[in-house]
Protein chains: 2
Amino acid sequence: MARSALAEKSSLALPHRHPRRTREEHSHETAQDYVEIIAELIASTGEARVIDLARRLGVTHVTVARTIKRLQREGLVTSLPYRSIFLTPSGRKLSEESRSRHTTVVDFLKSLGVPKVVAQSDAEGIEHHVSRETLQAFEKHLRKTKIA
Amino acid sequence: MARSALAEKSSLALPHRHPRRTREEHSHETAQDYVEIIAELIASTGEARVIDLARRLGVTHVTVARTIKRLQREGLVTSLPYRSIFLTPSGRKLSEESRSRHTTVVDFLKSLGVPKVVAQSDAEGIEHHVSRETLQAFEKHLRKTKIA
DNA sequence: ATTAATGTGTAGCATTAGCTACAAAAGTAA
DNA sequence: TTACTTTTGTAGCTAATGCTACACATTAAT
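Per chain, residue numbering runs from 1 following the sequence as it is written. Chains carry letters and ligands carry numbers; both start at the beginning, A for chains and 1 for ligands, and go up in the order they are written. In keeping with the predicted nature of the model, local features appear solely for residues at pLDDT of at least 70, side-chain atom pairs appear and are counted solely at 80 or more, and the whole-chain, interface and lining totals rest on all residues. Values shown for side chains rest on all heavy atoms present in the structure; no hydrogens or waters enter the calculation.

Undergrad: I'd like a rundown of the confidence of the model for chain A, residues and numbers included.
TA: A residue's pLDDT is the predictor's confidence in that residue, given on a scale from 0 to 100. Of the residues in chain A, 85% have a pLDDT of 70 or more, and the chain-wide mean is 89. Two residues form a contact once any of their heavy atoms are found within 4.5 Å. This model gives residues 1-13 of chain A a pLDDT under 50, and the stretch forms 9 contacts once residues within four places in sequence are excluded.

What follows is the structure, given as structure tokens:
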């Protein structure tokens, strides 16, 4: 029983800011963004190149190339020197999940009256922080307002 | 007119994933989290210590100490060796803004039927990605449901 | 086929943010 | 006061993500 008053108080009222977004969470968000964009690029232009990603993300091609290496290491994409980038099955799966969540968030925000452009923009940040429960609440609200 | 078909396509349909959350944005989010927690700690326990922050954030005291140094450099907090941490006026201002936004997001999620704990948890991630327009839409929705 | 433009790769630097390990200061208890 | 616990600090490692500068490959235009 060696806990002092000072020590006591710190384990008091305040709820722990749970697990806290770690670096891993960050890099997972990046991964989702990348596979989502890669899927979009392939769908709309036929291929995903480093430079296309760089332009979409507003970073240099160097940053993209390095990240692509990491995603390849993680089994989400395949890439060969000077060739365009492809999604692996698990990359495709992730991209579809991300896209679905993204769409839900955008539609939800629009249903609240948020202008389309803003909704799209905000969704990119928000989508990574929406739990299953909250996503379901969004969907429920969408169904309700669609019927009304 | 030297733009090839390949080059053309990349500046085509797809909207730019705007400015793209940069490292600076990340570190700004961290700053908000820190000042918010510091304010809470001071309000509830009288002081904010490195160890308290570390426990709340789920990281080691080393990480916190380094971040506090950065926040001090940025003029958000003051700290002296072995002394507790204080907010500067601009740090306090930021903490109040963050807290207000945080509260709005939590209340909004709860109004959608999201369980309190989940709402609090999700809000921490979401609050940093909510634009002024979206925040206003949240507030509007809150007013509406409160009246009903 | 050359040449020019575009895209990709590599090297190397900076910052943020996580960690462990160890040392020193401050606070608490005997 | 002394001894123990807790807190803070410092050193140094890792990883992700940003950059510039330069070299090389590929693609497009003449």
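Undergrad: Residue-level account of the protein's contact with DNA strand D, with values.
TA: One heavy atom within 4 Å of a molecule or strand is enough for the residue carrying it to be called near that molecule or strand. Around DNA strand D sit 25 residues, and of these A:Arg23, A:Thr30, A:Thr60, B:Ile51 and B:Arg55 come closest. If you look at DNA strand D and keep only atoms within 4 Å of the protein, 63% of those are sugar or phosphate atoms. Residues adjacent in sequence count toward polar contacts only when both atoms are side-chain atoms; beyond that, a polar contact is any pair of N or O atoms within 3.5 Å, and within protein one must be able to donate a hydrogen and the other to accept it. Interatomic distance of 2.7 Å between a side-chain N/O atom of A:Arg23 and a base nitrogen of DNA strand D. Between a phosphate oxygen of DNA strand D and a side-chain N or O atom of A:Thr63, the distance comes to 3.3 Å.

Undergrad: Give a description of the protein's contact with DNA strand C that names residues and reports values.
TA: Taken together, 23 residues surround DNA strand C, and among them A:Ile51, A:Arg55, B:Arg23, B:Thr30 and B:Thr60 come closest. With respect to DNA strand C, the side chain of A:Lys69 contributes an N or O atom lying 3.5 Å from a phosphate oxygen. In this structure, B:Thr63 approaches DNA strand C through a side-chain N or O atom, which is 3.3 Å from a phosphate oxygen. Those elements giving two or more residues to the surface near DNA strand C turn out to be helix 3 (50-57) and helix 4 (61-73) of chain A together with helix 2 (23-45) and helix 4 (61-73) of chain B. What counts as a helix is a DSSP run of H or I of at least four residues, what counts as a strand is a run of E of at least two, and both are numbered from the N terminus. Ranked by residues supplied to the surface near DNA strand C, first place goes to helix 4 of chain B with 5 residues.

Undergrad: So what's going on with the packing of helix 5 (residues 89-111) of chain B against helix 7 (residues 132-147) of chain B? Which residues, and what values?
TA: Residue and element names in this part refer to chain B. At a minimum axis separation of 9 Å, helix 5 and helix 7 run at an interaxial angle of 50 degrees. In terms of orientation, helix 5 lies oblique with respect to helix 7. Pair helix 5 / helix 7 crosses with left-handed handedness. Contact with helix 5, carried on its side by Arg 101, Thr 104, Val 105, Asp 107, Phe 108 and Ser 111, involves Leu 135, Phe 138, Glu 139, His 141, Leu 142 and Thr 145 of helix 7 and no other residues of that element. An axis is simply a line fitted to the C-alpha atoms; with a helix, the fit covers only the stretch in contact. Between two such axes, the angle follows the N-to-C directions and lies from 0 to 180 degrees. Our angle categories are set so that under 35 degrees counts as roughly parallel, over 145 as roughly antiparallel, 65 to 115 as roughly perpendicular, and the remainder as oblique. In this scheme the crossing of two helices becomes right-handed for a clockwise turn of the near helix relative to the far one and left-handed for an anticlockwise turn of less than a right angle.

Undergrad: Lay out the packing of aromatic side chains with the relevant residues and their values.
TA: When the centres of two rings from Phe, Tyr and Trp lie within 6.5 Å, Trp using its six-membered ring, the rings pair. Their planes under 30 degrees apart give stacked, over 60 give edge-to-face, and anything left gives tilted. Applying the stated rule across the entire model yields 3 aromatic pairs over all chains. Consider the rings of A:Phe108 and B:Phe108, whose centres lie 6.1 Å apart with planes at 50 degrees: the pair is tilted. Taken together, the positions of A:Phe108 in helix 5 (residues 89-111) and B:Phe108 in helix 5 put the pair across two chains. The buried label applies to any residue whose accessible area, calculated with a 1.4 Å probe on protein chains only, is under 20% of its type's maximum; exposed applies above 50%, and partly exposed to all values in between. Given a relative accessible area of 0%, A:Phe108 falls into the buried group. When the centroid spacing of 3.8 Å and the interplanar angle of 5 degrees are considered together, the rings of B:Phe108 and B:Phe138 count as stacked.

Undergrad: Account for the pattern of salt bridges, with residues named and values stated.
TA: Each salt bridge in this description consists of a side-chain nitrogen of Lys or Arg and a carboxyl oxygen of Asp or Glu lying within 4 Å of one another. Taken as a whole and judged by the stated rule, the model has 8 salt bridges over all chains. With its nearest N and O atoms 3.0 Å apart, the salt bridge here joins A:Glu74 to A:Arg70. On the basis of relative accessible area, A:Arg70 is assigned to the buried category, the value being 16%. The partner of B:Arg49 in a salt bridge is B:Asp52, and the shortest N-O contact between them spans 3.2 Å.

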